[in-house]
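Spelled out from the first residue to the last, the chains are:
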Amino acid sequence: MKTPAWVVTDVKPQKDYTLVITFATGEQKTYDARPLLNKAIYKPLNNLSFFLTAKADCGSVAWNEDIDIAPEHLYECSLPM
């Protein structure tokens, strides 16, 4: 079975609250996480040092067991580099 294009294989969090994401296709895209910072579940990401701990986990981007972002959303809402 082919891996879906939206599966995250790598992420590099940036100091401007963007994520440089590599997807299963090898595509690199930039995701602007700033709009999420006002949502209750994502409030901890306002702490830049915590935001910078983002990692690729189980095909998505996660910070801990409570905070992650759906990979389909990341793929659809990120911009090609």
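Bear in mind the structure is a predicted one, so any value in this text is a computation, not a measurement.

Conventions used here
- Positions within a chain are numbered from 1, following the residues in the order the chain's sequence is written.
- In keeping with the model being predicted, local features are shown solely for residues with a pLDDT of at least 70 and side-chain atom pairs are shown and tallied solely at 80 or more, while totals for entire chains, interfaces and linings include all residues.
- Water and hydrogen atoms play no part in the side-chain values, which are based on all heavy atoms of the structure.
- Classification of residues uses two cut-offs on accessible area relative to the type maximum, computed with a 1.4 Å probe and protein chains only: under 20% is buried, over 50% is exposed, and between them is partly exposed.
- Elements are defined by DSSP. Helices are runs of H or I of four residues or more, strands are runs of E of two residues or more, and each kind is numbered from the N terminus.
- Pairing between strands requires that DSSP locate at least two bridges from one strand to the other.

(A) Broad picture of the pairing of strand S2 (residues 18–23). Summarising burial for S2: 6 of the 6 residues are buried, a large majority. Taking every second residue as pointing to the same face, both faces of S2 are buried, with Thr 18, Val 20 and Thr 22 on one and Leu 19, Ile 21 and Phe 23 on the other. Of the pairings in the sheet, the one linking strand S1 (residues 8–13) to S2 comprises 5 bridges and is antiparallel in character. Residue pairing across strands places Asp 10 opposite Thr 22, the latter belonging to S2.

(B) Representation of the sheet that holds strand S5 (residues 60–62) within the structure. Taken in spatial order, the 3 strands of this open sheet run S4-S5-S6, and their pairing is antiparallel. Strands with a single pairing partner mark the edges of an open sheet, and in this sheet they are strand S4 (55–57) and strand S6 (68–69). Note: S4 against S5, 3 bridges, orientation antiparallel. What sits directly across from Lys 55, in S5, is Ala 62.

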